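Residue-level structural notes
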Amino acid sequence: HRGAWWICDDLVRDTFRGAADNPADSLEGLEWASQYLQAQALRGWIEANRRAWPHNSGSIPWQFDEPYPSGYGTCSVDWFGRPKASYWAVRRAYAPVLVSARFDREAWGSVDAFEADLWLTADEPQQIDGTLEAIVLDERGCEIAGIRQPICCLLDRSTVVGRIAAPLAHVSGAFVLDLAFVSA
């Protein structure tokens with residue numbers, strides 16, 4: 001099959017269609033865009049599965065490294081041993097203490113506000129003492145909405161610790177949700 005089922009040029013190009021600087025317009029950009037989508041998908045699946053604890057405790061991504069040189073594919077480490085974006089995304093998704101967000105959709109163009117539940121997940125029972133930071137930034141890096149919330153609790157599972165909402169009426173392009181848990 002030569003990989004046609006996992007190298008989805010049309011999907012990658014369609015995802016970034018309309019972007020001012022469409023990364024999929026060049027071969028290098030197409031590679032970056034493919035790796036970005038793979039990283040976001042794996043990160044999202046792992047975070048969702050960790051939030052479902054104790055019914056699900058995680059995921060094991062299928063492929064680790066490339067068996068032969070390839071333009072792009074589904075592995076997390078390329079033929080030359082260089083980690084791809086998905087390697088780092090999976091590593092972050094399995095952090096001992098994870099802050100993640102759960103939201104209802106991926107495309108936000110037709111809605112008035114972005115809303116997400118904010119979760120903390122711990123691998124084992126531990127005292128959590130620090131600050132949850134959730135900031136929504138527009139494509140210029142300007143803050144649209146943000147919360148900085150102190151968290152002090154015994155965390156022994158995955159739990160909702162907050163919610164963020166950001167108005168999208170004046171957002172004309174992409175936006176980013178930046179999450180962090182800063183230990184005290």
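The structure this text deals with has already been given above.
Description of the structure in this document. Because the structure is a prediction, the values reported are computed rather than measured.

In total, this model carries five aromatic pairs according to the counting rule given. Ring geometry for tyrosine 87 versus tryptophan 88: centroids 4.8 Å apart, planes at 85°, classification edge-to-face. Looking at tyrosine 87, the relative accessible area reads 29%, which means it is partly exposed. A connected cluster of aromatic rings, assembled from ring pairs, spans Phe64, Tyr87 and Trp88. One cation-aromatic arrangement involves arginine 51 over tryptophan 119; the distance from NZ or CZ to the ring centre is 6.0 Å.

Looking now at the layout of surface pockets. Each pocket or cavity is described by its volume, and for the largest pocket that value is around 2000 Å³. Looking at the largest pocket, it is lined by 50 residues, and the ones nearest its centre are Tyr36, Gln40, Arg43, Glu106 and Phe175. Of all the secondary structure elements, the ones that give two or more residues to the lining of the largest pocket are α1 (9-16), α2 (27-51), α3 (85-93), β1 (97-102) and β6 (175-183). Per-element accounting of the lining of the largest pocket gives the leading share, 11 residues, to α2. Among the residues making up the lining of the largest pocket, the classes are represented as 30 nonpolar, eight polar and 12 charged.

Right, let's talk about the sheet that holds strand β4 (residues 143-155) for a bit. With antiparallel pairing, the three strands of this open sheet are ordered in space as β4-β3-β6. Strands with a single pairing partner mark the edges of an open sheet, and in this sheet they are β4 and β6. Between one strand and the next, the sheet's axes are offset by a mean angle of 15°, whatever the strand orientation. In this sheet, β4 lies alongside strand β3 (residues 126-138) in antiparallel orientation, the contact comprising 12 bridges. The partner of glycine 130 across the bridge, within β4, is isoleucine 151.

Rules behind the numbers
Residues numbered from 1 in each chain as written. Predicted model: local features only at pLDDT ≥ 70, side-chain atom pairs only at ≥ 80, totals over all residues. Heavy atoms only, no water. Phe/Tyr/Trp six-rings, centres within 6.5 Å; stacked < 30°, edge-to-face > 60°. Buried < 20%, exposed > 50% of the residue type's maximum accessible area, 1.4 Å probe, protein only. Lys NZ or Arg CZ within 6 Å of the ring centre and 35° of its normal. 1 Å grid on protein atoms, 1.4 Å probe; cavity = no way out; pocket = protein on both sides within 12 Å on 5 of 7 lines; lining within 4 Å. Points joined across faces, edges and corners; volume = space filled by probe spheres on them. Helix = DSSP H or I, 4+ residues; strand = E, 2+ residues; numbered from the N terminus. Nonpolar A, V, L, I, M, F, W, Y, C, P; charged D, E, K, R; others polar. Pairing = 2+ DSSP bridges. Axes fitted to C-alpha atoms, helices over the stretch in contact; angles between N-to-C directions.

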